Amino acid sequence: DTAVSQTPKYLVTQMGNDKSIKCEQNLGHDTMYWYKQDSKKFLKIMFSYNNKELIINETVPNRFSPKSPDKAHLNLHINSLELGDSAVYFCASSKGGSWVNYGYTFGSGTRLTVV
Amino acid sequence: QKEVEQDPGPLSVPEGAIVSLNCTYSNSAFQYFMWYRQYSRKGPELLMYTYSSGNKEDGRFTAQVDKSSKYISLFIRDSQPSDSATYLCAMRRPARQLTFGSGTQLTVLP
């Protein structure tokens, strides 16, 4: 299946732990993103990554670090998890840069719960 | 004030009704407008994309953009229970990522 796939789908972890979420797309897109969706369904951009150019949303704490080994993968590593990090994290991809006239294809999300 | 405002609902309508979903925005630099549909525990999927002011139709869905009023709408005709989802408007300035509204939760009752 052609898609954006994320693993794991669910992640429950304790405060202070470090965790990673993986994302892979087989659509041939060259830009990938991480979004955070809060309990009120508000989607907020965290990062976009295109041709080794990383664009960081300035409100994202530096405990969050994206890593892209190649154009098809964009992983998200989170250090020292806090209760407020609990949310659904979505990976997305698009053809061309984030500014081109294409919609984004989203993964199914990773539901992170910090206890 | 958020750049994109969307009534969160929830909105419940009977099957067959016409649904109107709306977003307003404050930044006149937004030029590209989209509607996404998100089913429960799924990722958003692109429904409609439009650039210019006016209407764009795709089956039972019509997207409307009024740049002078900074207002966009999505109309769903002959709504079905399968249309029950959260609908997110999204828009973008040139050379920038998408900015999303907060989503409207829609339930179509059989």
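Everything in this summary refers to the structure shown in the same document. This is a predicted model, so every value here is computed, not measured.

Concerning the state of the cysteines
Reasoning step 1: Inspection of every chain in the model, using the stated rule, returns 2 disulfides over all chains.
Reasoning step 2: A sulfur-sulfur distance of 1.9 Å marks the disulfide that ties Cys23(A) to Cys91(A). The S-S bond linking Cys23(A) to Cys91(A) shows a torsion near -80 degrees; that makes this disulfide left-handed. Of this pair, Cys23(A) sits in strand β3 (residues 19-25) while Cys91(A) sits in strand β9 (residues 87-94), and the two are 68 residues apart along the sequence.
Reasoning step 3: Taking the relative accessible area as the measure of exposure, Cys91(A) reaches 0% and is therefore buried.
Reasoning step 4: Covalent S-S linkage joins Cys23(B) and Cys89(B), the inter-sulfur distance amounting to 2.0 Å. With the S-S bond torsion at -100 degrees, the cross-link from Cys23(B) to Cys89(B) turns out left-handed. Separated by 66 residues along the polypeptide, Cys23(B) in strand β3 (residues 19-25) and Cys89(B) in strand β9 (residues 85-92) bring together distant segments of the chain. Of the two residues, Cys23(B) and Cys89(B), both sit in the buried class.

Observations concerning the interface of chain B and chain A
Reasoning step 1: On the side of chain A, 23 residues touch chain B, which itself brings 22 residues to the contact.
Reasoning step 2: Roughly 1700 Å² of surface becomes buried between chain B and chain A when both sides are summed, with 54% attributable to carbon and sulfur atoms.
Reasoning step 3: The largest contributions to the chain B side of the interface with chain A come from Arg41(B), Gln97(B) and Phe100(B), which together make up 32% of the buried area.
Reasoning step 4: Connecting chain B to chain A are 0 salt bridges.
Reasoning step 5: Taken together, the connections running from chain B to chain A amount to 4 residue pairs in polar contact (both at pLDDT 80 or more).
Reasoning step 6: The element best represented in the side of chain B that touches chain A is strand β4 (residues 32-38) of chain B, accounting for 4 residues.
Reasoning step 7: When the residues that make up the side of chain B that touches chain A are grouped by side-chain class, the tally is 11 nonpolar, 6 polar and 5 charged.

Some details on the packing of aromatic side chains
Reasoning step 1: Per the counting criterion, the structure on display carries 13 aromatic pairs over all chains.
Reasoning step 2: Look at Tyr35(A) and Phe100(B): their rings are 5.5 Å apart centre to centre, the planes differ by 90 degrees, and that puts the pair in the edge-to-face class. Residue Tyr35(A) is located in strand β4 (residues 31-37), and its partner Phe100(B) is located in strand β10 (residues 99-100); the two belong to separate chains.
Reasoning step 3: By relative accessible area, which is 0% here, Tyr35(A) ends up buried.
Reasoning step 4: Note on Phe90(A) and Phe106(A): the rings are 6.3 Å apart at their centroids and 85 degrees apart in plane angle, and the pair reads as edge-to-face.

Rules used in this analysis
- Residues numbered from 1 in each chain as written.
- Chains lettered and ligands numbered in written order.
- Predicted model: local features only at pLDDT ≥ 70, side-chain atom pairs only at ≥ 80, totals over all residues.
- Heavy atoms only, no water.
- Disulfide = S-S within 2.5 Å.
- Helix = DSSP H or I, 4+ residues; strand = E, 2+ residues; numbered from the N terminus.
- Buried < 20%, exposed > 50% of the residue type's maximum accessible area, 1.4 Å probe, protein only.
- Contact = heavy atoms within 4.5 Å.
- Buried area = accessible area lost by both parts, 1.4 Å probe.
- Salt bridge = Lys/Arg side-chain N within 4 Å of Asp/Glu carboxyl O.
- Polar contact = N/O pair within 3.5 Å; in protein donor to acceptor, adjacent residues only side chain to side chain.
- Nonpolar A, V, L, I, M, F, W, Y, C, P; charged D, E, K, R; others polar.
- Phe/Tyr/Trp six-rings, centres within 6.5 Å; stacked < 30°, edge-to-face > 60°.

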